[in-house]
Amino acid sequence: KPRQSPRTGCSTVTDTTGSMINPQTVPLSLYIHLPWCTRKCPYCDFNSHEGFTDSLQQPYVEALLADLDSQQAWWQDRPIHSIFIGGGTPSLFEGRWLGALLEGISIKANLSRDVEITLESNPGSAECDRFAGYHAAGVNRLSLGVQSFDDRALKTLGRIHSGDDARRALDIVAAAGFQRWNIDLMHGLPGQDAQSAASDLTEAVRRSAGHISWYQLTIERNTHFWSAPPVLPDESELESIQQVGDAILADAGLHQYEVSAFSTEGEESQHNLNYWRFGDYIGLGAGAHGKISLADGSIIRTQRTRAPSDYLAVTKSLPLSAPQGVTISPAEKITEFAMNTLRLKSGVPVTHFAQTTGTAVEQLIAAAETAVSRGWVEAPGKGQFVTTPLGYQFLDSVIETFL
């Protein structure tokens, strides 16, 4: 188990290469996992479970706040810049319980003045009727899982909402007072061609608030689609979809700032940016992961037990023990830094490597030699750690050079 940070959390230490790390300079976010869904989608490999009942809301909120208490020694009084409530389907929870959760967090933690609080939600009738309550609870950004406006595609994806449900939900989001929301949209769906994908994306652009997550359906292990895969568009059609979609997004003024994230200036997801910039995050909830930098120069990763019933059972025996963290090795620091930051179109300053890993930048430069020689990554000596346009087309291969 790694040594705990001093109470102040402000000290700096020098690693064996002479670089320094100060946890207070690494931005901190909070991820909260609400693991229940009305029905498991056939493509989903997230930690989500059916069987939600309203009676689970209070004990789960209490468990989350106890979980936060148990990890306080690691993050201390560092300000939290963003909160993301994901799932599952977090919008199964009523606004009053999310309000109780956020109020409890604000008492226990130091929230930044302009903290971004995002809630994942679905366009089903029961969920969207609660949007006003979420806004009143303090949520200031929604991520709406539309996936498609086409009823046939939604049925194939196992979604429980229709295209009209999605349109109605987006109208209600605006009426509820939200000014910031993301539309989650898939492409490369079974039976989809460039024309139907363009129709989907055009409608999403028209109804967006300046942010769209547009990503290709992939078949993952431990899903229904893995054991009974649907017929997906071929490579030629997928390329056509990508080209048409990129043009639609560019014409609308939505710039690509990450692999599947497009926004107007200033509407980027601050929470996700923190992940991709190799920031820290506290993980609360069943199966939630965390990453915390400590003042001794180490970085630890945490994970809570995945089954909701087990998670609730553990929290009944208070106080919770601090989660056991796994310290990542110096080599893993380089790999994980590259896996995250190279997803960003703009990359990050090379100096950011030492600030977030406590490792000398010369080690990153050495690890990047192969990618640089292939023209996939700009030479870090130029001051920016960034994927080239060529490398961005082969990002998986780029990352493999850092393994």
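Residues numbered from 1 in each chain as written. Predicted model: local features only at pLDDT ≥ 70, side-chain atom pairs only at ≥ 80, totals over all residues. Heavy atoms only, no water.

Asks: Can you walk me through the overall build of the chain in this structure?
Replies: Looking only at helices and strands, one finds 18 helices and 16 strands in the chain. Taking 22 Å as the expected radius of gyration for a compact globule of 403 residues, we find that the chain reaches 21 Å, a close match to that expectation. Along the three orthogonal principal directions, the C-alpha set of the chain runs to about 60 × 55 × 40 Å. If you take every contact in the chain between residues at least 6 apart in sequence, the share linking residues at least 24 apart comes to 72%. Entry remark: accessible area of the chain is about 17,300 Å², with carbon and sulfur atoms responsible for 52%. (Helix = DSSP H or I, 4+ residues; strand = E, 2+ residues; numbered from the N terminus. Rg over C-alpha atoms; globule rule 2.2 N^0.38 Å. Contact = heavy atoms within 4.5 Å. Areas by Shrake-Rupley, 256 points an atom, 1.4 Å probe, with all protein chains shown as cover.)

Asks: Would you mind showing me how to read the side chain of His 161 here?
Replies: Tracing the chain through its elements places His 161 in the loop between helix 6 (151-156) and helix 7 (163-175). You can call His 161 buried: its relative accessible area is 6%. Within the structure, the side chain of His 161 is placed 3.1 Å from the backbone oxygen of Val 146, a separation counted as a polar contact. (Buried < 20%, exposed > 50% of the residue type's maximum accessible area, 1.4 Å probe, protein only. Polar contact = N/O pair within 3.5 Å; in protein donor to acceptor, adjacent residues only side chain to side chain.)

Asks: Even after reading the chapter, I still don't get the pattern of salt bridges, so can you show me in this structure?
Replies: One side chain can pair with another of opposite charge once the charged atoms of both are near each other. Counted under the stated rule, the structure contains 16 salt bridges. Its salt-bridge partner being Arg 304, residue Asp 67 comes within 2.9 Å of it at the nearest N-O pair. Of this pair, Asp 67 sits in helix 1 (residues 57-70) while Arg 304 sits in the loop between strand 13 (299-303) and helix 12 (308-315); the two residues are 237 residues apart in sequence, bridging distant segments of the chain. When its relative accessible area of 12% is taken as the criterion, Arg 304 is described as buried. Here Asp 129 ties to Arg 168 by a salt bridge, and the two come within 3.0 Å at their closest N and O atoms. One end of the pair, Asp 129, is in the loop between helix 4 (125-128) and helix 5 (131-137); the other, Arg 168, is in helix 7, with 39 residues separating them in the sequence. (Salt bridge = Lys/Arg side-chain N within 4 Å of Asp/Glu carboxyl O.)

Asks: Please clarify how the environment of Ala 137 should be interpreted in this entry.
Replies: You can see Ala 137 is positioned in helix 5. Separated by 38 residues in sequence, Ala 137 and Gly 99 have C-alpha atoms that sit 4.2 Å apart.

Asks: When you look at the confidence of the model for the chain in this model, what are you seeing that I'm missing?
Replies: As a note on interpretation, predicted positions should not be read in detail where pLDDT is low. When the pLDDT values of the chain are averaged, the result is 91; 93% of them are 70 or greater. Across residues 1-18 the pLDDT falls below 50, and counting only partners more than four positions away or on other chains, this stretch makes 50 contacts in the model. (pLDDT = per-residue confidence, 0-100.)

Asks: Would you explain helix 1 in this entry?
Replies: Since one α-helical turn is 3.6 residues long, residues separated by three or four positions face the same way. An ideal rise of 1.5 Å per residue puts 20 Å on 14 residues; helix 1 measures up with 20 Å between its terminal C-alpha atoms. Taken across its 14 residues, helix 1 has ten buried, putting it largely inside the fold. When we look at burial in helix 1, the residues that qualify are Gln 57, Tyr 60, Val 61, Ala 63, Leu 64, Leu 65, Ala 66, Asp 67, Leu 68 and Ser 70. Those residues of helix 1 that are buried lie in contact with strand 3 (28-34), helix 2 (72-75), helix 3 (95-108), strand 11 (280-285) and helix 12. (Expected span 1.5 Å × (residues − 1).)

Asks: What exactly am I supposed to notice about helix 3 here?
Replies: Look at helix 3: 20 Å from first C-alpha to last across 14 residues, which is about the 20 Å you get at 1.5 Å a residue. Buried residues along helix 3 sit against strand 3, helix 1, strand 4 (80-87), strand 5 (111-121) and helix 5.

Asks: What is the right way to look at the pairing of strand 4 in this model?
Replies: Two faces, one strand: in a regular strand the side chains alternate between the faces of the sheet. The buried fraction of strand 4 is high, at seven of eight residues. In terms of strand pairing, strand 3 meets strand 4 through seven bridges, oriented parallel. Bridge assignment links Tyr 31 to a residue of strand 4, and that residue is Phe 84. The pairing of strand 4 with strand 5 spans five bridges and is classified as parallel. Residue pairing across strands places Ile 83 opposite Ile 117, the latter belonging to strand 5. With helix 3 bridging strand 4 and its parallel neighbour strand 5, the resulting β-α-β unit is right-handed. (Pairing = 2+ DSSP bridges. Right-handed = clockwise from strand over helix to strand, strands pointing away.)

Asks: Could you clarify how one ought to interpret the nonpolar core in this entry?
Replies: Soluble globular proteins tend to pack their nonpolar side chains together in the buried interior. By size, the foremost hydrophobic cluster in this structure holds 67 residues, and its most contacted members are Ile 32, Ile 83, Ile 105 and Phe 131. Not counting chain neighbours up to four residues away, the residues in contact with Ile 32 comprise Leu 64, Ile 83, Phe 84, Ile 85, Gly 86, Leu 101, Ile 105 and Leu 284. If you look at the next biggest cluster of nonpolar residues, it comprises 25 residues, including Phe 353, Phe 385, Leu 395 and Val 398. (Core = buried A, V, L, I, M, F, W, Y, C linked by side-chain atoms within 4.5 Å.)

Asks: Help me understand the pairing of strand 13, please; the structure alone is not making it clear to me.
Replies: Where strand 12 (residues 289-293) meets strand 13, five bridges bridge the pair, whose relative direction is antiparallel. Its bridge partner being in strand 13, Ser 293 is matched across the sheet by Ile 299. Between strand 12 and the antiparallel strand that follows it, strand 13, lie five residues; Gly 297 among them carries a positive phi value of about 95°. Pairing analysis gives two bridges linking strand 13 to strand 14 (residues 326-327), with the strands arranged antiparallel. Paired with Ile 300 across the bridge in strand 14 is Thr 327.

Asks: How should the environment of Gly 133 be read in this particular structure?
Replies: One can find Gly 133 in helix 5. Along the primary structure Gly 133 and Trp 74 are separated by 59 residues, whereas in three dimensions their C-alpha atoms are 32 Å apart.

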